Structures are given as C-alpha cells and as structure tokens.
Amino acid sequence: MQTRAIDTRLDPPGISVSRAVSAARDLYGVDASARQLPSERDQNFELRTGAGERYVLKVSHASEDPQIIDCQNHVLERLAVARTGFAFPSIVRDRAGRGTSWLDEADGTRHMIRLCRYVPGTPLANVAERTPALLEELGTMLGRVDRALEGFSHAGAERAFRWDLRVARTVVDQHIDAITDREKRALLDRVLSCIDQYGTPLLPSLRLGVIHNDANDHNVLVSCADDDGANAAPRIAGLIDFGDMVDSYTAGEVAIASAYAMMGASDPLTVAEHVVRGYDAAYPLGEAEVASLMPLICLRLCTSVVLAAHQRGQQPGNAYLSISERPAWTLLEQLADVHPDAARDRFARAVADHPDDGRRRMSTEGLLAARRAHIGPSLSISYRRPLTIVRGWMQHLYDADGREYLDMVNNVAHVGHCHPRVVEALSAQAGVLNTNTRYLHESLVRYAERLTRLLPDPLRVCYFVCSGSEANELALRLARTHTGRRDVVVIDHAYHGNTTSLIELSPYKFNGPGGAGAPPHVHVVPMPDPYRGPHRGRGAESGRRYAAYVRETVERLDREGHPVAAFFAEPLLGCGGQIEPPDRYLAEAFAHVRAAGGVCVADEVQVGFGRVGTHRWGFETQGAVPDIVTMGKPIGNGHPLGAVVTTPEIAASFANGMEYFNTFGGNPVSCAVGLAVLDVLEEEGLQERARSVGQRLADGLHALAARHATIGDVRGRGLFLGIELVLDRETLAPAPRLAADVVESMRDRGILLSTDGPLHNVIKIKPPLVFSDADADRMVETLDDVLRQSSPGPRRPPGRP
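Computed from a prediction, not measured in an experiment: that's the story for all the values here. (Residues numbered from 1 in each chain as written. Predicted model: local features only at pLDDT ≥ 70, side-chain atom pairs only at ≥ 80, totals over all residues. Heavy atoms only, no water.)

(A) Structural context of the overall build of the protein chain. Secondary structure assignment for the protein chain yields 23 helices and 26 strands. For the protein chain, the C-alpha radius of gyration of 31 Å lies close to 28 Å, the compact-globule estimate for 801 residues. Oriented by its inertia axes, the alpha-carbon framework of the protein chain measures out at about 95 × 60 × 60 Å. Counting over 801 residues, the protein chain shows a buried share of 56%. Restricting the contact set of the protein chain to residue pairs at least 6 apart, pairs at least 24 apart contribute 75%. When the accessible surface of the protein chain is totalled, it reaches about 32800 Å², and 49% of it is carbon and sulfur. Averaging the positions of the 87 positive and the 101 negative side-chain charges in the protein chain gives two centres separated by 2 Å. (Helix = DSSP H or I, 4+ residues; strand = E, 2+ residues; numbered from the N terminus. Rg over C-alpha atoms; globule rule 2.2 N^0.38 Å. Buried < 20%, exposed > 50% of the residue type's maximum accessible area, 1.4 Å probe, protein only. Contact = heavy atoms within 4.5 Å. Areas by Shrake-Rupley, 256 points an atom, 1.4 Å probe, with all protein chains shown as cover. Lys, Arg positive; Asp, Glu negative; His and termini not counted. Charge placed at Lys NZ, Arg CZ, Asp CG, Glu CD.)

(B) Representation of the packing of aromatic side chains. By the definition in use, this model includes ten aromatic pairs. Geometrically, the ring pair formed by Phe 88 and Phe 242 is edge-to-face, given 6.2 Å between the ring centres and 80 degrees between the ring planes. Taken together, the residues span a long stretch of sequence, with Phe 88 in the loop between helix H2 (66-80) and strand S4 (91-92) and Phe 242 in the loop between strand S10 (231-239) and strand S11 (246-249) at a distance of 154 residues. Across the pair, Phe 242 and Phe 88 agree in class, each one buried. (Phe/Tyr/Trp six-rings, centres within 6.5 Å; stacked < 30°, edge-to-face > 60°.)

(C) Expanded view of the side chain of Lys 764. Tracing the chain through its elements places Lys 764 in strand S26 (residues 762-765). A polar contact of 2.9 Å, which involves the side chain of Lys 764, links it to the side chain of Asp 756. Beyond its immediate stretch of four places on either side in the chain, Lys 764 contacts Met 408, Val 409, Gln 578, Leu 721, Leu 753, Ser 754, Thr 755 and Asp 756. (Polar contact = N/O pair within 3.5 Å; in protein donor to acceptor, adjacent residues only side chain to side chain.)

(D) Region of interest: the environment of Phe 661. For Phe 661, the position within the fold is in the loop between helix H19 (648-654) and helix H20 (668-683). Of the residues examined, Phe 661 reaches a relative accessible area of 28% and is grouped as partly exposed. On a C-alpha basis, the gap between Phe 661 and Phe 464 in space is 9.7 Å, while along the polypeptide they are 197 residues apart. Non-local contacts of Phe 661, meaning those with residues more than four positions away in its chain, are made with Asn 436, Thr 437 and Arg 438.

(E) Local environment of the sheet that holds strand S22 (residues 711-717). The antiparallel open sheet is built from four strands, whose spatial order is S22-S23-S26-S25. Edge positions in the sheet fall to S22 and strand S25 (754-756), since each has one partner strand and no second. Taking the axes of each pair of neighbouring strands and ignoring which way they run, one obtains an average angle of 30 degrees across the sheet. Relative to S26, strand S23 (residues 720-725) is paired through four bridges, and the arrangement is antiparallel. Opposite Leu 721, over in S26, you have Ile 765 as the bridge partner. Where helix H21 (residues 686-705) meets the sheet, it contacts S22, S23 and S26, and its direction lies at approximately 170 degrees from that of S22. Packing against the sheet, helix H22 (residues 736-748) makes contact with S23, S25 and S26, and its axis sits at approximately 155 degrees to S25. (Pairing = 2+ DSSP bridges. Axes fitted to C-alpha atoms, helices over the stretch in contact; angles between N-to-C directions.)

(F) Region of interest: helix H6 (residues 251-262). For H6, spanning twelve residues, the distance from its first C-alpha to its last is 16 Å, which sits close to the expected 16 Å at 1.5 Å a residue. In terms of residue burial, H6 counts as a mostly covered element, since twelve of its twelve residues are buried. Those residues of H6 that sit buried are Ala 251, Gly 252, Glu 253, Val 254, Ala 255, Ile 256, Ala 257, Ser 258, Ala 259, Tyr 260, Ala 261 and Met 262. A positive phi of about 85 degrees marks Gly 264, the residue just after H6. (Expected span 1.5 Å × (residues − 1).)

(G) Layout of the nonpolar core. Residues Phe 567, Met 631, Leu 697, Leu 701 and Met 779 are the most contacted members of the largest nonpolar core, which totals 94 residues. Formed by 82 residues, the second largest nonpolar core is a distinct cluster that contains Val 220, Phe 242, Ala 255 and Leu 296. (Core = buried A, V, L, I, M, F, W, Y, C linked by side-chain atoms within 4.5 Å.)

(H) Seen up close, the environment of Lys 184. Following the sequence through the fold, Lys 184 ends up in helix H5 (residues 182-198). For Lys 184, a relative accessible area of 34% gives the class partly exposed. Sequence separation between Lys 184 and Gly 608 is 424 residues; the distance between their C-alpha atoms is 62 Å. Contacts of Lys 184, omitting those with residues within four sequence positions, involve Ile 179 and Trp 329.

(I) Looking closely at the packing of H6 against helix H7 (residues 268-282). One way to put it is that H6 packs onto H7 with a least axis distance of 9 Å and a crossing angle of 145 degrees. Crossing of H6 against H7: the hand is right-handed. The residues of H7 that touch H6, namely those facing Glu 253, Val 254, Ala 257, Ser 258, Ala 261 and Met 262, are Pro 268, Leu 269, Val 271, Ala 272, Val 275, Val 276 and Tyr 279. Taken together, the residues of the contact of H6 with H7 break down into eleven nonpolar, one polar and one charged. (Left-handed = near helix turned anticlockwise from the far one by under 90°. Nonpolar A, V, L, I, M, F, W, Y, C, P; charged D, E, K, R; others polar.)

(J) Seen up close, H2. The end-to-end C-alpha separation of H2 is 21 Å, in line with the 21 Å expected for 15 residues at 1.5 Å each. Taken together, the buried positions of H2 are occupied by Ile 68, Ile 69, Cys 71, Gln 72, Asn 73, Val 75, Leu 76 and Leu 79. Where H2 is buried, its residues touch strand S3 (54-60), S4, strand S6 (110-117) and helix H3 (132-148). Sitting at the amino-terminal end of H2 is Asp 65, which places a side-chain oxygen 2.9 Å from the backbone nitrogen of Gln 67.

(K) A look at the sheet that holds strand S14 (residues 404-407). Pairing within the open sheet is mixed, and its four strands lie in the order S12-S13-S14-S24. At either margin of the open sheet sits one strand with a lone partner, and together these are strand S12 (389-393) and strand S24 (751-752). With four bridges joining them, S12 and strand S13 (residues 396-399) adopt antiparallel strand pairing. Directly across from Trp 393, in S13, lies its bridge partner His 396.

(L) Looking closely at the packing of H3 against H6. Remark: H3 packs on H6, axes separated minimally by 10 Å, with the N-to-C direction vectors making an angle of 155 degrees. Viewed along their axes, H3 and H6 adopt a mutual orientation that is roughly antiparallel. Crossing geometry of H3 relative to H6 is assigned as right-handed. Side by side, H3 and H6 meet where Leu 135, Leu 138, Leu 142 and Asp 146 of the first sit next to Glu 253, Ala 257 and Ala 261 of the second. Considered class by class, the residues forming the contact of H3 with H6 number five nonpolar, no polar and two charged. (Parallel < 35°, antiparallel > 145°, perpendicular 65-115°, else oblique.)

(M) Local environment of empty space enclosed by the protein. With the rule as written, the count across this model stands at three cavities of 30 Å³ or more. As a volume, the second largest cavity reaches approximately 60 Å³. As for the second largest cavity, its lining consists of Asp 146, Leu 149, Glu 150, Gly 151, Leu 208, Gly 209, Val 210, Ile 211, Thr 250, Tyr 283 and Arg 391. Ranked by residues supplied to the lining of the second largest cavity, first place goes to strand S8 (residues 208-211) with four residues. Classifying every residue of the lining of the second largest cavity gives five nonpolar, three polar and three charged. (1 Å grid on protein atoms, 1.4 Å probe; cavity = no way out; pocket = protein on both sides within 12 Å on 5 of 7 lines; lining within 4 Å. Points joined across faces, edges and corners; volume = space filled by probe spheres on them.)

(N) Representation of the pairing of strand S16 (residues 487-491) within the structure. Within S16, five of the five residues are buried, leaving the element largely enclosed by the surrounding structure. The two faces of S16 match: Asp 487, Val 489 and Ile 491 on one face and Val 488 and Val 490 on the other face are all buried. Strand direction decides the pairing type here: S16 and strand S18 (residues 564-569), joined by four bridges, are parallel. Across the sheet, residue Val 490 finds its bridge partner in S18, namely Phe 568.

(O) Up close: the side chain of Asp 399. Tracing the sequence through the fold places Asp 399 in strand S13. Residue classification places Asp 399 among the buried positions, given a relative accessible area of 10%. Within the structure, Asp 399 has its side chain in polar contact with the side chain of Tyr 405 (distance 3.3 Å). With residues near it in sequence (within four places) discarded, Asp 399 still touches Thr 388, Ile 389, Val 390 and Tyr 405.

Here's what the structure looks like:
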C-alpha cells in the first residue's frame, strides 16, 4: 500500500448563522432562514425560504484545496444527467453564474461557498426496519453512482486524505496509540493482523476509481412515501455529502456502505450480503474485489474507531466525530471471529445469485469456449493466459478482477483510453445527428480544413473512411486511376491492411503462414533495416543505398512494359520490427518513383499525429513529401475513422464520373471525434510529450543494453520504439523465445507489451501519448528485473549503428 502525507486538519469554518443568511441573499438572491447542520470538515446550513424551498449552504475552510471543491461540483453535475433513479444535491449557480463563490471575512479570510438544492428524505440511521430490499437498493444506488463515474478523473480526487482506504493502514498506525483500553487494543491488533494476511496482498489487483467514500447511514436518505405522497414501504431516495470523495479502491465503496449498514445488526454478514448483491447487480465486482470486501470492511472500522479516539482528544465537544464509534467497536467484536475466507464465500454466493442477464461477466474458460464456438479461429488472442479487459482509462487497462495494466502497445488509443474530451464529443454529436456526406454539415469541412492545415503543400484534398485499411484501399484506387497503371512497389515485411487487395500489397501477410506469395503486379524491395539489413547504420549513405533498390525496381518495370503506379511505404515500419529507416531513405525513394511517373503513398496509420515526437508525421523525419497520405488508428482514438489526403491534381483525376461514396466515412459523429482528438493533441501538448518521454524511455533502454547482452538494438523515435533481442551480438542470432517470455513476464507485472518483426524477436513499444516519465521509469525498472532473471550479463558491448 502506498504511503502518502495524510491531511489531519479538523477545524471547520466558524461563520455565524446570520452571516450564512446574508451570504445566501447577497450571492444567490435566496432570502431564507437558516440552521446549522452537524459536520466534520465544512460548515453546512439548511436554508428555508418563505415559499417552502429548501437549500443547503456549504462553507468550506479557507485552506481547502479549490480543486477538491471543483471535483465535487463536476461529480454532482455528472450525476445530475446520469439517470441513476436516485437523488443527489444539485449545484445552484450564483448571480455571476459560478458554481463556487467566495465569502470574504473582515479579517481577510476567504471561504469557498456553494449552494445546493436540498435532497428530501429521512436518514437511513432513523429507519428502524432495514429490509433486504432496502439494503439491496442501497447497494444498487452506489453501484449506479460508481458506474456513472467510471472513467471520471479530477486532480481534486487524487488527494492525501485520511479516510481513503488506500492509506487507512498508515492512518491507523499513526494514531493507534489513542486507544488506551487494553482489551480494545488487543482486538484491534488481532483484526489488523488478519487484514495484513488476507487483505493486503489483494490490494494491488483492485481497480481504482472516484468514489463517494462515505455512504454512512446519515448520508443515505430514505423515502417512506410513494410518488403521490402516500405512505409506502421505505426505499432508498438519494445520497448526500460528497465531501469525502476520493480516487480509491472501487470495492471500497460497497465495503464502506456495508460497514455502516452492518452496525447494530444481529447478523451483520447477512446485511452486507444484501448490500453487496445490489451493488454487484448495478456494477459487477471482480473475484479479487469480492475477496477484499471483508478486509476492507474491517479496515474501515479500524480507521473509524482509531480516528474517533484521536479526534475526541482534539475536539472533545464535537459529538458528530464519534457518532459511529460505539457501534463500530461492537461490530469489530462481531467480525473478529469471522474468517475472511468464510466471508468471501458468502459474498461470492451473493453475487452469483444474479441471473445471467447479459451483464454477468463470464469466466476466462467460458469466454474462450464461446470464442471457439462462435468466433472465427483466425482471430488471435494475446498472452498465454488471456486477459479479460473490461475498461480503460488513459494509459491503463483494467481486467475483470479490477487489476490495472500499463498499456504500452495500444497506439489506437492515441490520446488515452476513454479520454473524456473525445467521449464527450462523440456522445454529444451522437445525440443530435449522425448521417452521411450527401447532406451538408459543418463539421465535415471544419475537420478537413483542420486536418489539411497540419500537412505540407500540396496535400489539400480529403476523403474520409472508417479504417486504415479502407484508407489504403482508396489510396490504391487513387494512384491507379491517376496513373492509369496497376503495378505497385512495396517494402518487405510491410503491412497495409486486411482487404483482399491490401493483403496482396503486404509481404507480412502474403509471405507469412497461409500466404500465397506476391502476385505479379506487386514488387518487393528490401526493408531498410539499419541494424540487420545489408546496409548498416542510420546515416544518409545507408538510406541512399536502400533507396537504390527502389530505383532498380521501377527502372526494371519500365523496361518490362508495366511501369509503376505507386510506391507504398510506412515511414517507420511496425510489423517489420519497429524499423526507423536510415536518413533520407524516403526522400530518395520518392524521387526515383516520381521520375518513373509513379505516385508515392505514405502509410501513416501507425505513426501519424505526433507519435514520433520530433515531427507530426513520420514522413517528415525523412525530409520527404508524399503524394497521398493515409491515416487510421490514432486519428479517432479508437473510434472507427480513417482518412486519405492527397493533391488537387490526383483528386481531379479520380473525379472521372464514377461517384465515390462511403456510407459512414465523414459522418458527423466521426468528424466530431476527429476534431476532439486534434484539440486534445494541441491543448495537452502530446507531440512534445511523445518526444520528451520517448527520449527518456529510449535513454533508459540504452542503459539497459549496457547491462544485458540480449538487447541487440534499441530503435525508433518518440513513443514508437523497438527492442531487438538476440542470442549473440556478433552473429545477431535472434531470440524469439526470450522475447515471448519477456512479454509474458512483463504482463504478469502489470505492463502490456507485444512482439513483432520478421524473426518475432522485437518487443514493440507504442503506448498512448499520455504515457508519463513515471511510466517510462517503471517500464525500464521492470524490464531490467525481468531480463536479469532470464538472461546472462553483457558479453560484448552493445552497438548503436
């Protein structure tokens, strides 16, 4: 468990009731009477107007971090539109339209102040009969809240907070000496020992998310009336007090609620079962999360009693701070003799009681069996022990058990998995219109204008498609229509897409298993590999020699009477093994193709949009300008979007009377997504981040090469890197088995990589561009450990061609 500096400040603000009344009137135009409500951290006042309207005025301490308040406001606004079926406080904006105002005191102190609409209901603490249905509904509400907040992040939730279960063990250790009663101290020691044994090992595998973190029975509201106001069975109405919200263990939400709900119950585990069942129905729990519930419940109770004792010494007159202390001690005594495995089994049965309504997560074995039965067998699965990935956030993926993985291989999520700006753009446009390009819509031309401004002249005309394969397919048609020719030159080991005509252009496929070799109209030139190819080194002379193969090929085609139509080139080759060609290779090769009347196509599907860091496009690193550029993968951050950009001259040739139409290409939703991706790239400086973080990572990998003889080469640019593993640095004998074992070991340590290259011995690195310096350092340190356990030390100094 991580250790952080814990905020132990307790004193709430001290403004008077009359001051609260005047603030509501002056800032919000609300003329009301007020009474103060109990609270630990803020001051809260209930306001009542003459017309019967009710509000809560919240005054935060002057030293409170404004980010924490802003985070709460954003969460409440998100819940207001989430359709959970439950009520939460809604923010009332002040006269100036702000969600948060400032209250200035005569002594110069400034307090943050907010006005929320009052949420009616009776606190669960005042409800005598807690039926199974009511408890299950409590879990359902919290599950819906956490589902609505899935993927949400805010700096204000990433705080050092004493009620965060991630630091609870540290908090307990810091203040346990406040427990002076011998019997109580012995009870705590026994419970904490059990937590350390059965709970702590599970914590690294638990998923994280922003949670309410304090669903105690005073914050949960119950209604005892139906929609017409008549008496009815109690039901959960809503949730208040989001002041303890924090980025923590998602399972902590249901554990905390269960801990409070269990207090005073003769059969506390049954109470918790109902809460867990309701939560899981709304937001399914993973196996590790279910196993962690009992330790987390006990950890919350330990924190509660220890802090109550500590706080009582600081504020002996504040009864609110100790409101749950006595029942918490009683519950700890009840749970001390319950083995965590027994509790886990009961909770597991509770969540297994749900019918399979399509939301239950299948086991790995069940998923594999279903794939074998219904999915084409040619679709591969990563890793020897496959992962069931259920969500993603920025540079991380999370499996069904909530374990977090650092994603270092998914260049599709270019600006981060589920980036909120992109998700919001997609959702907003999908709720208004999605249609085809036969109607005018502004986003199509706006996106085309934005995209072409990022490219050099004369690349000015756009066609929008749905994938990189579609983009390359269209590029092939453009080139053949413009030149009136058919033959194409490609680079060995290249991959350009999954359509029939593109498989014919992809040596990676047609020369691989199941392939039939190159068709007569496709001509392969050697891959410009500075490490393993015939011309070593990354300088311009090596680039010129590799480009000479292109010249020789196009000249031969001319002599044979079927001149070249197009040269397709990935500026950096992915399936070829993360190859960065020698300097000037593309510029020289393009010149040879154009001299023969052919068209030059740059396939930027893998490396475009700033991934190389030093430049926006891979072809720019070569001092080259293509005639056609194809884009896919990163362009939509996971949304099915692709583009082809070409010259007005080629576009005019293509307009030969045959209409080009793509049902989904360029639709308003896709254009909104594409524009959002461009906004994020610019506003968050992700190209520069790719450069700086990529350089840090490359430097770290080169340092590893000095210690591990199996690293033959570190190559690439920005956040498109490759590590070639060898058995011997002089013979360059490849180490594909070692590469596969390293990838599996890194996966077990929470870092996702993959292998590629003709010899399957290159570890490819191409993470989302939000990848950080800390992520780079973690990757290098982990890889160092993995290699140290799997390979010998250096026998020869590493070369850097």
